[in-house]
Amino acid sequence: MMVPFRRKKSNKQFPVKVCTFDSELEFHLEHRATGRFLFELICRTIGLRETWYFGLQFEDSKGNLSWLKMDKKVLDQSVHMTNGSCMFIFLAKFFPENVAEELVQEVTQHLFFLQIKQAILSMDVYCPPEASVLLASYAVQAKYGDYDEAVCKPGMLISENLLPQRVIDQYQMTPQMWEERIKTWYADHRGMSRDEAEMEYLKIAQDLDMFGVNYFPITNKKNTEVWLGVTALGLNIYNKENKLLPVTTFQWNEILHISFDDRKFVVKTNDSKNPKPVIFYSQKLRINKLILDLCVGNHDLYMKRRKPDTMEIQQMKAQAKEEKQRRQVERNKLTREKQLREAAEREKAAMEQRLMQLQEEMRAANEALRRSEEAAELLAEKNRLAEEEAMLLSHKAQEVEQEISRMRMTARKTEEEKMYLERKTQEAELLTARMMEESRKRALEADKLKNELIHARVAEKEAKEKLLNFLSRTSTESILITPSSSPESPMHEMHSYDLLADGDMEQLSLEIEKERVEYLAKSKQVQNQLKELRSEIEQLKIGENQCPLDDINAEQLRLGETKYSTLKKVKSGSTKARVAFFEELEPEESIV
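- The name recorded for the chain in an unreviewed UniProt entry is Moesin/ezrin/radixin homolog 1, from Anopheles dirus.

See below:
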């Protein structure tokens, strides 16, 4: 009996490492795993649903950077092995036209933020100095949250990589001076959450001329070297020395067909007046394949944006809106709790200060009472001494009077004794008068001291009464000052938020219009801020350190041109003039 042969299932696996800008993922895949399986596994791991923007980039065995093909096996794509593992970088392959309207998930916004930030800092995307400072302030807000002077101490941001080295070298400014300018705008972002700060960063970055542009070196028939830029809106052609201002552009709605044959690339437009195709040449066949891949992906997204949202996108937007409202409620709740906590801390500090003030007043009252008691004791001692001295003088006066009487009796004996006694009597009378006057003064001084003693005792009594009143008032205030509220008090009000009904389109339109007006106002404010910073640091610029892109950007600012006005002006040119840029070749067959 013949037994059918069955192939054993292979359990062999190979390691894979995938790097994002903030993490590294490790997987073990079977040998037959495809690129799509690995890509979907990564998206599920990080919770990403807007997968159409991203791809896996790797270095092949020849050292070239390539994108992993979804329909082929991973091991069949010449992936270079590093330390026995396949290394991939998870990157945004395609870019949105409007980040605020198209990026729905917070994880998608975060991945774009990290990639664009790295591109600006590594100078792969040109960013003017004033915009670099503003973007740095949003990056700091996204990382550290609200500005706190106690936490954000001088020198903290110097160690952070916040500005392109090209910008730092262009100005005679110390790291501390750059830090102060970043802090100035950082403090204005108070109350902004991480996802809001990252979205504001992307809104400013998307207006940069090199945002979302993939550049490829190409030549025309005359072998003139130019740049081909593949963007979300179409194809741009740049001079070799200028990657900011396109010489010409072809939007996706103008292009009928694109193809390549070896190194030759053909673009056919829908201009009936000039149906001749645009032809250019790349350095290698691999570059043409990559250009075509990016063209197909960007064109698909271009058409997708101009159609009604699919159920999946509608569901994601509804969930994102609900999540945003929920986080707003939580943020309001946390803000309310923070305000209550700060109010309680302020009240506590005020009570402690009031307690210290009352203690100081009590110490002052005790000191005044002590001084009053000491003064009263001193006056009592002086009064006693005055009374004793007055009594002594009175006894002396009595003795003198007795002596005068005795001398008068003796003076009767003889005339001489009489005269002598009269003279002595007169002297004694003078002495008696002086002693009586002194006794009178002492008596007056004793009366004065008695009055002062009486006043001192009255003052002592008033001080005691004041102290008793102060102590009774202090105890009354301590009873009345009770913690009326605390961070734990259940004082939070309940709020309810109603989502818009599906049919309430009029209200939705009003909200969209309101957001558009707010965005325009904020955009104008940002431009004013950038203009102010530009004029502030202009005097510190080092002329010899300026690069050609800086000169081109300065000329754009002088003419008042932006990325979008330039594209609009270039687009208004005729297709015939654009085709003439490439000097057409003889017709050749193309691969559709």
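From this point, the discussion proceeds with the structure in view.
**Observations regarding helix α12 (residues 548-559)**
Then, number 1: Look at α12: 17 Å from first C-alpha to last across 12 residues, which is about the 16 Å you get at 1.5 Å a residue.
Then, number 2: Of all the residues in α12, the buried ones are D550, I552, N553 and Q556. Taken around the axis of α12, the buried residues stretch over an arc of 160 degrees, which confines them to a single face. Relative to its buried face, α12 has exposed residues pointing more than 90 degrees away, namely P548 and R558.

**A look at the sheet that holds strand β13 (residues 278-282)**
Then, number 1: Read from one edge of the open sheet, 7 strands run β10-β9-β8-β7-β13-β12-β11, paired in antiparallel fashion. Each end of this open sheet is capped by a strand with a single partner; those strands are β10 (246-251) and β11 (255-261). Put simply, the sheet's adjacent strands are angled 30 degrees from each other on average, direction ignored.
Then, number 2: As defined by bridge partners, strand β7 (residues 214-219) adjoins strand β8 (residues 225-230) across 6 bridges and the pair is classed as antiparallel. Note that in β8 the partner of N214 across the bridge is V230.
Then, number 3: Sitting on the sheet, helix α8 (residues 285-305) touches β7, β8, β9 (234-239), β10, β11, β12 (264-269) and β13, and the angle it makes with β11 is about 160 degrees.

**A word on empty space enclosed by the protein**
Then, number 1: All told, the structure shown has 4 cavities of 30 Å³ or more when counted by the stated rule.
Then, number 2: Elements with a minimum of two residues in the lining of the largest cavity: α3 (106-121) and α4 (129-144).
Then, number 3: No other element matches the 4 residues that α4 contributes to the lining of the largest cavity.
Then, number 4: The residue inventory of the lining of the largest cavity, partitioned by class, reads 8 nonpolar, 2 polar and 1 charged.

**Looking at the UniProt feature "binding site: a 1,2-diacyl-sn-glycero-3-phospho-(1D-myo-inositol)" (unreviewed entry) in the chain**
Then, number 1: In this numbering, the UniProt entry assigns the feature "binding site: a 1,2-diacyl-sn-glycero-3-phospho-(1D-myo-inositol)" (unreviewed entry) to K69, M70, D71, K72 and K289.
Then, number 2: Leave out the neighbours within four places in its chain, and M70 touches T34, G35, R36 and F39.
Then, number 3: Structurally, the position occupied by D71 is in the loop between β4 (65-67) and β5 (81-82).

**A look at the nonpolar core**
Then, number 1: One finds V18, L38, F54, L56, F88, F90 and I120 to be the most contacted residues of the largest nonpolar core, which totals 104 residues.
Then, number 2: With 9 residues, the top contributor of residues to this core is α4.
Then, number 3: Formed jointly, this core draws a minimum of three residues from each of two domains, domain 1 (13-94) and domain 2 (100-206).

**With respect to the packing of aromatic side chains**
Then, number 1: Considering all chains together, one arrives at 15 aromatic pairs under this definition.
Then, number 2: Between Y53 and F112, the aromatic rings sit 5.6 Å apart at their centres with planes inclined by 85 degrees, giving edge-to-face as the arrangement. With Y53 in the loop between α1 (35-46) and β3 (54-59) and F112 in helix α3, the pair connects residues that are 59 residues apart, well separated along the chain. An identical accessibility class is assigned to Y53 and F112; each is buried.
Then, number 3: Where F95 meets F112, the ring centres are 5.8 Å apart and the plane angle is 70 degrees; that geometry is what we call edge-to-face. Of the two residues, F95 is situated in the loop between β6 (85-92) and α2 (99-102) and F112 in helix α3; the sequence distance between them amounts to 17 residues. This pair shows no difference in class: F95 is buried, exactly as F112 is.
Then, number 4: One Lys or Arg, K240, reaches over the ring of W227 and ends 4.1 Å from the middle of that ring.
Then, number 5: Geometry around W52 places K304 over its ring, the cationic atom sitting 3.6 Å from the centre.

What counts and what doesn't
Residues numbered from 1 in each chain as written. Predicted model: local features only at pLDDT ≥ 70, side-chain atom pairs only at ≥ 80, totals over all residues. Heavy atoms only, no water. Helix = DSSP H or I, 4+ residues; strand = E, 2+ residues; numbered from the N terminus. Expected span 1.5 Å × (residues − 1). Buried < 20%, exposed > 50% of the residue type's maximum accessible area, 1.4 Å probe, protein only. Arc of directions from axis to C-beta. Pairing = 2+ DSSP bridges. Axes fitted to C-alpha atoms, helices over the stretch in contact; angles between N-to-C directions. Contact = heavy atoms within 4.5 Å. 1 Å grid on protein atoms, 1.4 Å probe; cavity = no way out; pocket = protein on both sides within 12 Å on 5 of 7 lines; lining within 4 Å. Points joined across faces, edges and corners; volume = space filled by probe spheres on them. Nonpolar A, V, L, I, M, F, W, Y, C, P; charged D, E, K, R; others polar. UniProt positions renumbered as here; feature names shortened; annotations may be inferred. Core = buried A, V, L, I, M, F, W, Y, C linked by side-chain atoms within 4.5 Å. Domains from an automatic or database assignment. Phe/Tyr/Trp six-rings, centres within 6.5 Å; stacked < 30°, edge-to-face > 60°. Lys NZ or Arg CZ within 6 Å of the ring centre and 35° of its normal.

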